Amino acid sequence: MGGWKIATGLLGKAVEAGVSEFVVCGGAHNAVLLEALARMADSVKVWSHFEERSAGFFALGRTMATGRPCAVVVTSGTAVAELLPSVIEAFYQARPLVLITADRPASFTGSGAPQSIVQTGIFSGYATVDLEKWEGKSPLHLNVELEENFQIENHAVFAGLEVGGFAVDFGKPNVGGLARWLRERTLRGLVVMIGDLEPEEQEGVFHFCRELGAPVVAEATSGLREVLKHLAVMDEDRFLKSKPPSKVLRLGGVPSGRFWRDLESMPEVSVWSVCRNGLRGLGRDAEVVTGSLERILPAMGEIEAIGDTAEILEGAKARRQRIEEALAAYPDSEQGWMRTLSVYASISSGVYLGNSLPIRGWNAFAQWERPVRVVRANRGANGIDGQISSWLGASADEVDTWGIFGDLTALYDFAGLKMLGQVEAKGRVMAVINNGGGRIFDRLPRLATMSEKAKSWMAAESPVDFAAVAKAWGMDFLRVMRADDLDGFEGNDCATLVEVVPDAAQGLCLLK
Ligand SMILES: Cc1ncc(C[n+]2csc(CCOP(=O)(O)OP(=O)(O)O)c2C)c(N)n1
């Protein structure tokens, strides 16, 4: 069969399986796929990139925004290998990222010919290769052998092709077991931890938590942090470690906070998770109910309110007060900056948090008054790669949208800024917290025992002129050090890079 027929046939199948957006990175070996896509451009959306690692993450961002499959189309060789990080992230987030990779004809495989590597199965268990059995809730790899030369045979191959739906079947989750476990009374009670939620899951989880009345740790990415404020534990990492509950119910993605990790060494705490990817998120024993929350929670029937939570919630008020006082005293600390940025971002259309420290900072220090429903992050495998791209993909159509990134995290993905030319730029703000490298490691207890040399390798300080980066990509630029430097700030018609330089000394005072 000619290359044209193979290419159009494959793209047609992808469309039938529900793919309506493609991110293309060109090369000689996938040129036929690009040409075929150019001829179907009215029925599908095509984004164009040059760097495959970023493109994979941009496509992942699109799946976050639309809930539908998005494909990335790349040439052969290491271009395919560049997709591995986004495939892994998509696997753990249970997102339908589709990899369409051009391969050389079979005779080239393993021959050492240019740009010929072994591509079949390169993503191992992270991507299925069987389109027929694919359920649309994980990565799919379509590797296709193509000749370099092709002849265009039929201009209207895609006429009448409908974008398919994709059915998700979660099988039979153990809802009865979960309901019984919830009803069991225990000495030290229950805490609900809520991670990333899909937009359609938020409403049900909100009502469930309100009826249950148990103390809650709601991550920003749940979209429920502010509306469940009256149940919030506050300063939970410290508090829950000192007074662990008997039971933890996790809803949605894996929580970012310290206490979730502490659960590894607390086998006496019984943990149940309800999540889409069916992974328990802990190395130790724990129960999992697999499925989307809007399906599982109603199946549990009536929810009985949990009693005796007054002590925890009363204590939470005092803990909240302490945090407010510290933020008022040290507004230019990194924590103070998270508060300030959250006030601006809370009147935007949504915010993306690029790495662990901004996520934890937002969870603990962001404003509590205005509900922020759209808070996104990549928490599948917690990589700091591809973050700018995921943000741009997830918010591509949105005006007034914010992304907050660590300086090292931003550095990983400058190539991702290429997409600024194709996404909505109005009011877009990329805030970079420039604290001189990976400061999250300052909190590692074992750091105290390490040599100065090794510590400097951990932080990986890399002086970067962010003004020059902004200029290179046509962004406005602003550098701020004191909280009031941002007074009166409004987004522009083009994207703005805001470099935030927190006061490290204030941060140290605040943490005391
Ligand atoms: C791809 C990848 N490499 C390394 C890590 C380990 N890691 C986690 S956080 C971090 C440092 C992040 O630094 P920065 O973006 O400056 O943020 P900060 O911690 O200072 O907020 C590193 C290297 C990772 N998560 N992902």
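For clarity, every value in this text was computed on a predicted model and none was experimentally measured. Chains are numbered independently. Their residues run from 1 in the order of the written sequence. The predicted nature of this model means local features are confined to residues of pLDDT at least 70 and side-chain atom pairs, given and counted, to a pLDDT of 80 or more, with totals for whole chains, interfaces and linings taken over all residues. Heavy atoms throughout the structure, all of them, feed into the side-chain values; hydrogens and water do not.

## What to know about unusual backbone geometry
For M234, which is not a glycine, the phi torsion comes out positive at approximately 65°. Labels follow the DSSP assignment, with helices taken as runs of H or I lasting at least four residues and strands as runs of E lasting at least two, numbered in each case from the N terminus. Structurally, M234 can be placed in the loop between strand 7 (216–218) and helix 8 (236–242). The phi dihedral of N382 falls on the positive side, at around 60°, and the residue is not glycine. Looking at N382, the relative accessible area reads 32%, which means it is partly exposed. Burial here depends on accessible area, computed with a 1.4 Å probe over protein chains only, as a share of the maximum for the residue type. Under 20% is buried, over 50% is exposed, and the range in between is partly exposed.

## With respect to the site of the ligand
For the ligand, the set of nearby residues contains 17 residues, the closest of which are N355, D407, T409, G437 and R439. In this structure, T409 approaches the ligand through a side-chain N or O atom, which is 2.6 Å from an oxygen atom. A distance of 3.0 Å is found between an oxygen atom of the ligand and a backbone nitrogen or oxygen belonging to I440. In terms of residue count, the dominant contributor to the shell around the ligand is helix 15 (residues 407–412) (4 residues). The residue classification treats Ala, Val, Leu, Ile, Met, Phe, Trp, Tyr, Cys and Pro as nonpolar and Asp, Glu, Lys and Arg as charged. All others, Gly included, are polar. Residues belonging to the shell around the ligand are distributed by class as follows: 6 nonpolar, 8 polar and 3 charged. A cutoff of 4 Å decides nearness: a residue is near a molecule or strand if any of its heavy atoms lies inside that distance of it. Here a polar contact is taken to be a pair of N or O atoms separated by no more than 3.5 Å, where protein atoms must pair a possible hydrogen donor with a possible acceptor and residues adjacent in sequence count only if both atoms sit in side chains.

## Considerations on the side chain of T221
Examined against the element boundaries, T221 turns out to sit in the loop between strand 7 and helix 8. A distance of 2.8 Å separates polar atoms of two side chains, one belonging to T221 and the other to D196. In contact with T221, other than residues within four places in its own chain, are G195, D196, L197, V375, R376 and A377. Whether two residues are in contact is decided by their heavy atoms, any of which lying within 4.5 Å being enough.

## Remarks on the packing of aromatic side chains
Each Phe, Tyr or Trp ring (for Trp, its six-membered ring) is paired with any other whose centre lies within 6.5 Å, and the angle between the two planes then decides the class: stacked below 30 degrees, edge-to-face above 60, tilted in between. One pass over the structure, following the stated rule, counts 11 aromatic pairs. When the NZ atom of lysine or the CZ atom of arginine is within 6 Å of a ring's centre and also within 35 degrees of its normal, the charge is said to sit over that ring. Above the ring of W368, the side-chain terminus of R225 is found at 3.7 Å from the ring centroid. Here the guanidinium or amino end of R320 rests over the ring plane of W368, the centre of that ring lying 5.1 Å away.

## Quick notes on the nonpolar core
The definition of a nonpolar core used throughout is a set of buried Ala, Val, Leu, Ile, Met, Phe, Trp, Tyr and Cys residues joined through side-chain atoms within 4.5 Å. Counting 40 residues, the largest nonpolar core has V72, I388 and M430 as the members making the most contacts within it. Of all the elements, helix 3 (residues 52–66) adds the most residues to this core, at 5 residues. Per the annotation, domain bounds derive from an automatic or database assignment of domains. Split by domain, this core shows at least three residues from each of two domains, domain 1 (3–145) and domain 3 (330–511). The contact partners of I388, leaving out residues within four places of it in the chain, are F405, A410, D413, F414, G416, L417 and M430.

## Structural notes on the environment of W473
By the element assignment, W473 lies in the loop between helix 17 (466–472) and strand 15 (476–480). Along the sequence, W473 and R210 sit 263 residues apart, while their C-alpha atoms lie 46 Å from each other. Non-local contacts of W473, meaning those with residues more than four positions away in its chain, are made with F414, A415, L417, K418 and L420.

## Some details on helix 14 (residues 387–394)
Where burial is concerned, most of helix 14 is hidden: 8 out of the 8 residues are buried. For helix 14, the full list of buried residues reads Q387, I388, S389, S390, W391, L392, G393 and A394.

## Some points on the confidence of the model for the protein chain
Within the protein chain, residue pLDDT values average 92, and 96% of them lie at 70 or more. Within the model, the stretch residues 156–161 combines pLDDT values under 50 with 9 contacts to residues more than four positions away or in other chains. Contacts for the low-pLDDT stretch residues 165–170, under 50 throughout, to residues beyond four places or in other chains number 20 contacts. What pLDDT expresses is the predictor's confidence in each residue, scored from 0 to 100.

## Description of helix 5 (residues 84–93)
Along helix 5, the residues classified as buried are S86, V87, E89, A90 and Q93. Down the axis of helix 5, the buried side of the element spans an arc of 165°, and every buried residue falls inside it. Tucked inside the fold, the buried residues of helix 5 contact helix 3 and strand 4 (97–103). Immediately downstream of helix 5, the backbone of A94 shows phi near 55°, a positive value. For this quantity, the arc is that covered by the directions from the helix axis to the C-beta atoms.

## Concerning empty space enclosed by the protein
Once rolled over the atoms, a probe with the size of a water molecule shows which space is left empty. In this analysis a 1.4 Å probe is tested at points of a 1 Å grid over the protein atoms alone, and where it fits but cannot get out there is a cavity; an open set with protein on both sides within 12 Å along at least five of seven lines is a pocket; lining residues have an atom within 4 Å of a point. Grid points are joined across faces, edges and corners, and a volume is the space filled by probe spheres set on the points. Under the definition given, this model contains 2 cavities of 30 Å³ or more. Each pocket or cavity is described by its volume, and for the largest cavity that value is around 50 Å³. Lining the largest cavity, in full, are L353, G354, N355, S356, I359, A377, N378, R379, N382, G383, I384 and Q387. In terms of residue class, the lining of the largest cavity is built from 4 nonpolar, 7 polar and 1 charged. When its volume is computed, the second largest cavity comes out at roughly 30 Å³. Lining the second largest cavity are G350, V351, Y352, R376, W391, A394, S395, T401 and W402.

## Some points on the side chain of K247
As for its position among the elements, K247 is in strand 8 (residues 247–251). Only four residue types enter the charge count, namely Lys and Arg as positive and Asp and Glu as negative; His and the chain termini do not. Only one rule defines a salt bridge in this text: a Lys or Arg side-chain nitrogen within 4 Å of an Asp or Glu carboxyl oxygen. Nearest to the buried, unbridged K247 among oppositely charged side chains is E184, at 5.0 Å. Reaching out from K247, the side chain makes a polar contact with the backbone oxygen of L182 at a distance of 3.4 Å. Every residue in contact with K247, bar those within four places of it in the chain, is listed here: W181, L182, E184, T186, G189, L190, V191, V269 and S270.

## Here's the deal with the sheet that holds strand 14 (residues 429–433)
With respect to topology, 6 strands assemble into an open sheet ordered 12-11-13-14-16-15, the strand pairing being parallel. Sheet topology places strand 12 (375–376) and strand 15 at the edges, where each strand pairs with a single neighbour. For two strands to pair, DSSP has to find at least two bridges joining them. In this structure, strand 13 (residues 401–406) lies alongside strand 14, joined through 5 bridges in parallel fashion. Bridging from a neighbouring strand, I404 pairs with A431 of strand 14. Orientation is described by axes fitted as lines to C-alpha atoms, over the contacting stretch for helices, and by angles from 0 to 180 degrees between their N-to-C directions. Helix-sheet contacts for helix 12 (residues 334–345) involve strand 11 (350–353), strand 13, strand 14, strand 15 and strand 16 (496–500), and the interaxial angle to strand 13 is about 165°.

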